[in-house]
Amino acid sequence: MPRRRTKRGTERTPLAGEADVLVCGASFAGLAVARELAGARRADGAPARVLMLDRYEIGERQTSACAAPTGWLEALGLTDALRQTFRDLVINTPHGTSRYRLPWSWSTFDYPTLCELLDDQNDATFETAKVEGRSGATVHTDRGDVSAPLIVDALGWRRMLAPVDTRVQPPDAPLSRGLEVHPGGAGDELEIWIDRSYVREGYSWSFPAGEEVRIGVGSFDPRAHVKEPTVRLAEDLGTEAVGYQGNWIPHRLRPAAEDGIFFAGDSAGHCLPLSAEGIRTALYFGIACGRELRDVLEGRTTREAALRRYAAFSAGHRHRFGSMLSVQRLIPHVPPRLLTVLIRAMGTQRFVDWTFGHYLKTAPPEFVHAAPPRVSAARAPEPLAVAA
Ligand SMILES: Cc1cc2nc3c(=O)[nH]c(=O)nc-3n(C[C@H](O)[C@H](O)[C@H](O)COP(=O)(O)OP(=O)(O)OC[C@H]3O[C@@H](n4cnc5c(N)ncnc54)[C@H](O)[C@@H]3O)c2cc1C
């Protein structure tokens, strides 16, 4: 359970003032940024004032099915949040089932516990407040205005702190949509379905997590509705559709720095387009962002250089994200029987080791302990287009 409850009524005292860093959003990306700033000092030697805001208490609202590579949870010291670990991935199509033995494992975890453990690793001040907008270096919230020279948007897919004309609006933006239910029950398999009877472009899943199973449908087409197939899948699996959780999911990289703001996690489109896996990438880019901010605070670089370098670091992943987006677009055009044959053929151990090894390298757990990223802004690709 979350340690504190969201401030309500008279507890919502006015919030105003200045911070050195303002981290908006306290889920995976925001908590990773704050973690990297623990113990940071300003160039004048004073402790950095890091303020983190979220509309909900930390860990209060689960934002995903909470399955991630176990290595990431180990690297961040979060294994107490683990619910179940899986070495095999079971892929179902209408014409058969394949089982891949992965070179690394996935784990499902408990969201409130994980957030609490990650939150223990920062010394930021946390306040519950709803972010409503921004003017320059001032963020407007329902409890007042807060200013900071360094501002991070870790608020998720809406990209709230971007200039209004570049914000993301479904259904025209490059977004997927996902919905899941969390019935009580048990299971041993991490399973996905690539089955057009549930969703034409996308996939469905069943992720056991201790005493519950997270069953859902993700559509790469933002116009396709996912509630009916989610309910149907739950019924097909002999369980009830209870405990809904859903959201939009970005599937294209967006600029990680814009108008003086750092964006990390879903706000920057840091979710892998093929799998809609966005937890480890939110952690990864959050860490990269936090390292840049720390360099600014401690006087090793300027804000402008940090913005450029972080944007370049993020854009440096454009090729990998683009390749996954191409596969995402291709799969719905492959005839189902051929797809089944291909999935089976790709199940040779060598191929599985190779593909999943590469997949993990996009945001590897070793990054947690690695030296700060050093991407030359001079070699940076052109900024990404925001248009859909
Ligand atoms: C149904 C579903 C299942 C998924 N399952 C998985 C999975 O199993 N594994 C995986 O890797 N990825 C999964 N994803 C994707 C994953 O959830 C996201 O990519 C990930 O949560 C991104 O993290 P984030 O920190 O950037 O944003 P979020 O986790 O969305 O966090 C944003 C934070 O900002 C806060 N916030 C938002 N707006 C405001 C506001 N106006 N004011 C103040 N605070 C605000 C929110 O309360 C939240 O705490 C799933 C997505 C969906 C929809």
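Here the structure is a predicted model, which means the values were calculated and not measured.

### A short note on the overall build of the protein chain
At step 1: A tally of regular secondary structure across the protein chain gives nine helices and 18 strands.
At step 2: What you see for the protein chain is a C-alpha radius of gyration of 21 Å, in line with the 21 Å of a compact globule of 388 residues.
At step 3: By its C-alpha atoms, the protein chain is 65 × 50 × 40 Å across when sized along the principal axes.
At step 4: Within the protein chain, the fraction of its 388 residues that count as buried is 45%.
At step 5: Across the protein chain, contacts joining residues at least 24 apart in sequence account for 73% of those joining residues at least 6 apart.

### Observations concerning the site of the ligand
At step 1: Around the ligand sit 39 residues, and of these S27, S64, G156, G265 and G278 come closest.
At step 2: Contributing elements (two or more residues each) for the shell around the ligand: helix 1 (28-36), strand 3 (50-54), strand 4 (67-69), strand 12 (175-181), strand 16 (245-250) and helix 5 (279-297).
At step 3: Of all the elements, strand 16 adds the most residues to the shell around the ligand, at four residues.
At step 4: Grouping the constituent residues of the shell around the ligand by class yields 19 nonpolar, 13 polar and seven charged.

### Here's the deal with the environment of V164
At step 1: Topologically, V164 is positioned in the loop between strand 11 (150-153) and strand 12.
At step 2: A count of 8 C-beta atoms within 10 Å places V164 in the exposed class.
At step 3: Sequence separation between V164 and D110 is 54 residues, and the spatial gap between their C-alpha atoms is 35 Å.

### Observations regarding the sheet that holds strand 7 (residues 125-128)
At step 1: Read across the sheet, six strands follow the order 7-3-2-11-18-17 without closing on themselves; strand pairing throughout is mixed. Because the sheet does not close on itself, it has two edges, and the strands there are strand 7 and strand 17 (257-258).
At step 2: As paired strands, strand 2 (residues 21-24) and strand 11 are joined by four bridges and run parallel to one another. Each residue of the ladder has a partner; that of V21, found in strand 11, is L150.

### Brief notes about the pairing of strand 2
At step 1: Of the two faces of strand 2, both are covered, the one formed by V21 and V23 as well as the one formed by L22 and C24.
At step 2: Relative to strand 3, strand 2 runs parallel, the two sharing four bridges. Of the residues in strand 3, the one forming a bridge with C24 is L53.
At step 3: Following the chain from strand 2 across helix 1 to the adjacent parallel strand 3, one finds a crossover that is right-handed.

### Brief notes about the sheet that holds strand 8 (residues 131-135)
Picture the strands of a sheet paired through backbone hydrogen bonds; they go either parallel or antiparallel.
At step 1: Across the sheet, which stays open at both edges, the four strands sit in the order 1-10-9-8 with mixed pairing between neighbours. Looking at which strands have only one partner, the edges of the open sheet turn out to be strand 1 (17-18) and strand 8.
At step 2: Summarising the sheet, strand 1 and strand 10 (residues 144-147) pair through two bridges and their orientation is parallel. Residue pairing for strand 10: E18 is matched across the bridge by S147.

### Overview of the pairing of strand 12
At step 1: Buried residues dominate strand 12, accounting for seven of its seven residues.
At step 2: A two-sided burial pattern is seen for strand 12, the buried positions comprising L175, R177, L179 and V181 on one face and S176, G178 and E180 on the other.
At step 3: In the sheet, strand 12 pairs with strand 15 (residues 212-219) via five bridges, with the strands oriented antiparallel. Note on strand 15: the bridge partner recorded for E180 is G216.

### Regarding the environment of G357
At step 1: Residue position: G357 is located in helix 9 (residues 349-361).
At step 2: C-beta crowding within 10 Å serves as the criterion here: with 13 such atoms nearby, G357 is assigned to the partly exposed category.
At step 3: Taking the C-alpha atoms as reference points, G357 and W104, 253 residues apart in sequence, are found 8.1 Å from one another.

### Focus on the confidence of the model for the protein chain
At step 1: The predicted model of the protein chain averages 91 in pLDDT, with 93% of residues at 70 or higher.
At step 2: Low pLDDT, under 50, characterises residues 373-388; the stretch is placed with 30 contacts to residues that sit more than four places away or in other chains.

### Quick word on the nonpolar core
At step 1: If you look at the biggest cluster of nonpolar residues, it comprises 99 residues, and the most contacted ones within it are V23, V33, F262 and A264.
At step 2: Per-element tally for this core: the top contributor is helix 5, with eleven residues.
At step 3: Setting aside residues no more than four positions away along its own chain, V23 makes contact with G30, V33, A34, V50, M52, A124, V152 and A154.
At step 4: In terms of nonpolar packing, the next biggest core, distinct from the first, is built from eight residues, V168, I249, L272 and A276 among them.

### Topic: the packing of helix 5 against helix 6 (residues 303-315)
At step 1: Relative orientation of the contacting elements helix 5 and helix 6 amounts to 160°, with a least axis distance of 9 Å. Classed by the angle they form, the pair helix 5 and helix 6 counts as roughly antiparallel. Considering how the two elements wind past one another, helix 5 and helix 6 form a crossing that is right-handed. Facing F285, A288, C289, E292, L293, D295 and V296 of helix 5, the residues of helix 6 in contact are R303, A306, R309, Y310, F313 and S314.
At step 2: Among the residues making up the contact of helix 5 with helix 6, the classes are represented as eight nonpolar, one polar and four charged.

### A closer look at helix 6
At step 1: Between its first and last C-alpha atoms helix 6 spans 18 Å; for 13 residues at 1.5 Å apiece the expected length is 18 Å, and the two agree.
At step 2: If you check which residues of helix 6 are buried, you get A306, L307, R309, Y310, A311, A312, F313, S314 and A315.
At step 3: The elements touched by buried residues of helix 6 are strand 17, strand 18 (261-263), helix 5 and helix 7 (318-330).

Rules used in this analysis
Residues numbered from 1 in each chain as written. Predicted model: local features only at pLDDT ≥ 70, side-chain atom pairs only at ≥ 80, totals over all residues. Helix = DSSP H or I, 4+ residues; strand = E, 2+ residues; numbered from the N terminus. Rg over C-alpha atoms; globule rule 2.2 N^0.38 Å. Buried ≥ 20, exposed ≤ 12 C-beta atoms within 10 Å, placed from the backbone. Contact = placed C-beta atoms within 7 Å. Near = placed C-beta within 6 Å. Nonpolar A, V, L, I, M, F, W, Y, C, P; charged D, E, K, R; others polar. Pairing = 2+ DSSP bridges. Right-handed = clockwise from strand over helix to strand, strands pointing away. pLDDT = per-residue confidence, 0-100. Core = buried A, V, L, I, M, F, W, Y, C linked by C-beta atoms within 7 Å. Axes fitted to C-alpha atoms, helices over the stretch in contact; angles between N-to-C directions. Parallel < 35°, antiparallel > 145°, perpendicular 65-115°, else oblique. Left-handed = near helix turned anticlockwise from the far one by under 90°. Expected span 1.5 Å × (residues − 1).

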